[in-house]
Amino acid sequence: MNPVRQSGRIPARALHGTVAVLTTCGLLLTACATIGPEQTSARLSPGHAPQGAVGTASASPVPPGLQRYYGQELHWKTCPGAPAFQCTTVKAPLDYAHPDAGDINLAAARKKATGTGATRIGSLLFNFGGPGASAIDGLTAAPDAYASLNATYDLVALDPRGVGHSTLVDCGTDTSTAATDSGASTTSTDQEIQAQAAAWAEVGAACARHAGRLLPHVGTLEAARDMDLMRTLLGDEQLHYIGWSYGTYLGASYAELFPSRVGRMVLDGAVDPSLDAASQSLNEARGYQVAWEAFAADCAARDDCPVGHSVKEASRTLDSLVAWLDRSPLQQGKVITIDGETVLQMTGILLRAPSWPALRQMLREVLAGHTTTLLKVLVSALPGNPGDQSLTAVDCLSSTLGPRYTAGQAKAALAEFVRVAPQFGKSWVSSLTSCTSWPVPSQQTAHPITAPGAAPILVVGTTRDPATPYNEAQALARQLQSGRLLTWDGDGHTAYGRGSACIDNAVNHYLLDGRLPRAGMICTDAPDNANKPVGTAPEAPTPVGMRR
């Protein structure tokens, strides 16, 4: 789950100068842990509904001390810049265990159902991944993308705590400079890993200064509790939900906390919650390698392939290009330096899309010393707020690396990463120290999520998904007692809304009619990657996936 997770992106390396920051944080959450077996006062026991008075919007019980949150009224107004949607702000407790510690704001948007009466099911909550991506921006960007669902559901996006338009983890401008030195590396020498660990420590210190009160309270468990608060305020007895990439982890965590409140839930591009962050990182590196080799095999069959006519030749060409740019980076004006890691990062983004024509074009240009296509991809991936470290904050709070990885441990892992992913392994190793000096300890442990008693949960996996590899969807579907796996034999990150009529129809039938696809169903229809040039607008919002 990493980069452009658009998210799932490959660990980003800083572009030198003021353009700086493709945040490199985290795959860590992919492996990110879920609720552990131990219970503390700050967390709700898995599978145990909170007890208390009946809420005003639905018949679900309200946790003690939270009545003022569950009883609030939502005031919807037309969203600025998105007239088809209404926006509102929800008050939530900073700390669910201590509601008197203060409030945070959660931003939400909805598009009212076009149907009425018996045709309406309720609200459908969306999360496009991340962590750290705005669900509101994802949903409002394509207002007509889910017309078939909108006839029956109010379409609702809730920005998680610490993210987007909700109360934001903003660590200040201090992190802009530090983050330029904390990206991934194509060499991963002892010196470079030590330097990256030091840069991440600087980011953590800045976040402690600027956002220290919020940092302990932006984990996945509290975000899941926020979703239940939102469900109640919307007046729904059950949560109907579709989540992509990190959104699958958030949805599965909700199912573990509130199994009896799960409605129709779809988890696409699934994360395996039983993997710790190091295992997840290794698995993702392998996923990008598989995606690269699929692209290379397709390219090799084309007369105009810029990287050679076999997978081995293409991989050698990429290695040589990366090494050449690390020795002699291309300078674009005074602020942008294109080195080997930049090319790997942009390659990963185009593998995720997938946009193989744009990747062939980008590699052809860079081999000739030109960067037109690369810069287009880069601009699309740059963060909006260089001081925003919400991805890092959620990752480091919700994931575990056992004892957080030291620079020495990261170096020791290098050989295995390179073995499973010769082109991408070094980049992932360099991310293992991103939480070592984070000022807030991890609050969760990796473990299987079973969610006994939950309604059927549809898990969707893509066989050559680089950011959330297919074996993770298989694992989550097995873990969930009510899980059903739907497979797309395809490329790129996630499946629903990506051009497979088979997948889209199966998901829509479940969300609209409650009919699950048959067990073991595999969709083989595939959009033509040759017709997806860079810059093509997606038919639906692009899931951001896990990212580092």
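Described below are features of the structure shown in this document. (Residues numbered from 1 in each chain as written. Predicted model: local features only at pLDDT ≥ 70, side-chain atom pairs only at ≥ 80, totals over all residues. Heavy atoms only, no water.)

## Observations regarding the overall build of the protein
Then comes step 1: The number of helices and strands found in the protein is 17 helices and 14 strands.
Then comes step 2: Counting over 548 residues, the protein shows a buried share of 61%.
Then comes step 3: Entry remark: accessible area of the protein is about 18,700 Å², with carbon and sulfur atoms responsible for 53%. (Helix = DSSP H or I, 4+ residues; strand = E, 2+ residues; numbered from the N terminus. Buried < 20%, exposed > 50% of the residue type's maximum accessible area, 1.4 Å probe, protein only. Areas by Shrake-Rupley, 256 points an atom, 1.4 Å probe, with all protein chains shown as cover.)

## A closer look at the environment of Ser60
Then comes step 1: Structurally, Ser60 is set in the segment before helix H1 (67-70).
Then comes step 2: Between the C-alpha atom of Ser60 and that of Thr232, which follows or precedes it by 172 residues, the distance is 7.3 Å.

## Points about the nonpolar core
Then comes step 1: Counting residues in each nonpolar core, the largest one holds 65 residues, and the members touching the most others are Met265, Ile457 and Val459.
Then comes step 2: Not counting residues up to four positions away in its chain, the partners in contact with Met265 are Leu239, Tyr241, Gly251, Tyr254, Ala255, Pro456, Ile457, Leu458 and Tyr510.
Then comes step 3: One finds Ile193, Leu318, Met362 and Ala421 within the second-largest nonpolar core, a separate group that totals 50 residues. (Core = buried A, V, L, I, M, F, W, Y, C linked by side-chain atoms within 4.5 Å. Contact = heavy atoms within 4.5 Å.)

## A few points about the packing of aromatic side chains
Then comes step 1: Scanning the model with the defined rule gives 14 aromatic pairs in all.
Then comes step 2: With a centroid separation of 6.2 Å and 25° between ring planes, the pair formed by Phe126 and Trp244 is classed as stacked. Here the residue Phe126 occupies a position in strand E4 (residues 122-127), and Trp244 occupies one in strand E7 (residues 239-244), the gap between them amounting to 118 residues. Each member of the pair Phe126 and Trp244 is classed as buried.
Then comes step 3: Relative to Trp244, the ring of Tyr146 lies with its centre 6.4 Å away and its plane at 45°, an arrangement referred to as tilted. Here Tyr146, found in the loop between helix H2 (135-140) and helix H3 (147-150), pairs with Trp244, found in strand E7; they are 98 residues apart in sequence, far enough to count as distant.
Then comes step 4: Every member of this aromatic cluster is reached through a ring pair, and the members are Phe126, Phe128, Tyr146, Trp244 and Tyr496. (Phe/Tyr/Trp six-rings, centres within 6.5 Å; stacked < 30°, edge-to-face > 60°.)

## Quick word on the packing of helix H8 (residues 277-300) against helix H10 (residues 340-352)
Then comes step 1: Closest axis-to-axis distance for the H8/H10 pair is 10 Å, and the angle between their directions is 75°. In this view, H8 runs roughly perpendicular relative to H10, as classed from their interaxial angle. Residue-level contacts link Tyr288, Ala291, Trp292 and Phe295 of H8 to Thr347, Gly348, Leu351 and Arg352 of H10.
Then comes step 2: For the contact of H8 with H10, the per-class residue count stands at 5 nonpolar, 2 polar and 1 charged. (Axes fitted to C-alpha atoms, helices over the stretch in contact; angles between N-to-C directions. Parallel < 35°, antiparallel > 145°, perpendicular 65-115°, else oblique. Nonpolar A, V, L, I, M, F, W, Y, C, P; charged D, E, K, R; others polar.)

## A short note on the sheet that holds strand E12 (residues 483-491)
Then comes step 1: The sheet built from 10 strands is open, its strands ordered E1-E2-E3-E6-E4-E7-E8-E11-E12-E13 with mixed pairing. In this open sheet, the two edge strands, each paired with only one partner strand, are strand E1 (77-79) and strand E13 (522-523).
Then comes step 2: This element, helix H7 (residues 246-257), spans E4, E7, strand E8 (262-268) and strand E11 (457-464) of the sheet and lies at about 150° to E8. (Pairing = 2+ DSSP bridges.)

## A few points about the pairing of strand E3 (residues 103-111)
Then comes step 1: Burial of E3 is extensive: 7 of the 9 residues sit out of reach of the surface.
Then comes step 2: Relative to E3, strand E2 (residues 82-93) runs antiparallel, the two sharing 8 bridges. Across the sheet, the residue bridging to Thr88 is Ala108, located in E3.

## Points about the pattern of salt bridges
Then comes step 1: Counted under the stated rule, the structure contains 15 salt bridges.
Then comes step 2: Where Asp228 meets Arg261, a salt bridge forms, and the shortest distance between an N and an O atom there is 2.5 Å. Here Arg261 lies in the loop between H7 and E8 and Asp228 lies in helix H6 (residues 220-234), a separation of 33 residues in the sequence.
Then comes step 3: You can call Asp228 buried: its relative accessible area is 0%.
Then comes step 4: Its relative accessible area of 3% is what places Arg261 among the buried residues. (Salt bridge = Lys/Arg side-chain N within 4 Å of Asp/Glu carboxyl O.)

## Remarks on the state of the cysteines
Then comes step 1: Within this structure, the stated rule accounts for 5 disulfides.
Then comes step 2: Each sulfur in the disulfide pair Cys502 and Cys523 lies 2.0 Å from the other. An S-S torsion of about -65° defines the bridge between Cys502 and Cys523 as left-handed. A residue pair is termed long-range when its members are at least 10 positions apart, and Cys502 in helix H17 (residues 501-513) and Cys523 in strand E13 qualify at 21 residues.
Then comes step 3: A relative accessible area of 23% means that Cys502 is categorised as partly exposed.
Then comes step 4: Residue classification places Cys523 among the buried residues on the basis of a relative accessible area of 0%.
Then comes step 5: Along the protein, the cysteines engaged in disulfide bonds are linked according to the scheme 1-2, 3-4, 5-6, 7-8, 9-10 when indexed in sequence order. (Disulfide = S-S within 2.5 Å.)

## Topic: H7
Spacing of three or four residues puts side chains on the same side of an α-helix, whose turn is 3.6 residues.
Then comes step 1: Between the first and last C-alpha of H7 there are 17 Å, a value that for 12 residues agrees with the 16 Å anticipated at 1.5 Å per step.
Then comes step 2: Counting buried positions along H7 yields 12 of 12 residues, so the element is predominantly enclosed.
Then comes step 3: Buried within H7 are the following residues: Tyr246, Gly247, Thr248, Tyr249, Leu250, Gly251, Ala252, Ser253, Tyr254, Ala255, Glu256 and Leu257. (Expected span 1.5 Å × (residues − 1).)

## Thoughts on the packing of H10 against helix H11 (residues 356-367)
Each packed pair of helices is defined by two parameters, the angle between the axes and the distance between the axes.
Then comes step 1: Running from amino to carboxyl end, H10 crosses H11 at an angle of 160°, the nearest separation of the two axes being 8 Å. Here H10 lies roughly antiparallel to H11, going by the angle between them. Considering only the axes of H10 and H11, their crossing is left-handed. Residues Val343, Met346, Thr347, Leu350 and Leu351 of H10 touch H11, and the partners they reach there are Trp356, Ala358, Leu359, Met362, Leu363 and Val366.
Then comes step 2: Class assignment for the residues of the contact of H10 with H11 results in 10 nonpolar, 1 polar and no charged. (Left-handed = near helix turned anticlockwise from the far one by under 90°.)

## Quick word on the pairing of E7
Then comes step 1: Counting buried positions over the 6 residues of E7 gives 6, a clear majority of the element.
Then comes step 2: Both faces of E7 are covered, namely the face carrying Leu239, Tyr241 and Gly243 and the face carrying His240, Ile242 and Trp244.

## Topic: helix H16 (residues 470-479)
Then comes step 1: Burial of H16 is extensive: 7 of the 10 residues sit out of reach of the surface.
Then comes step 2: Residues of H16 that are buried include every one of Tyr470, Glu472, Ala473, Ala475, Leu476, Ala477 and Gln479, and no others.

## Considering the environment of Leu432
Then comes step 1: As for its placement among the helices and strands, Leu432 is situated in the loop between helix H15 (425-429) and E11.
Then comes step 2: Exposure remark for Leu432: the relative accessible area of 0% places this residue in the buried category.
Then comes step 3: For Leu432 and Gln196, which are 236 residues apart along the polypeptide, the C-alpha to C-alpha distance reads 9.8 Å.

## So, unusual backbone geometry
Then comes step 1: Of note, the amide linkage connecting Gly130 to Pro131 takes the cis form, showing an omega dihedral of 0°.
Then comes step 2: Summarising the element assignment, Pro131 is placed in the loop between strand E5 (129-130) and H2.
Then comes step 3: With an omega dihedral of -20°, the bond running from Ala353 to Pro354 counts as a cis peptide bond.
Then comes step 4: You can see Pro354 is positioned in the loop between H10 and H11.
Then comes step 5: Backbone geometry places Ser245, a non-glycine residue, at a positive phi of 55°.
Then comes step 6: Structurally, Ser245 can be placed in the loop between E7 and H7.
Then comes step 7: Although it is not a glycine, Thr494 sits at a positive phi angle of roughly 75°.
Then comes step 8: Of note, Thr494 is situated in the loop between E12 and H17.

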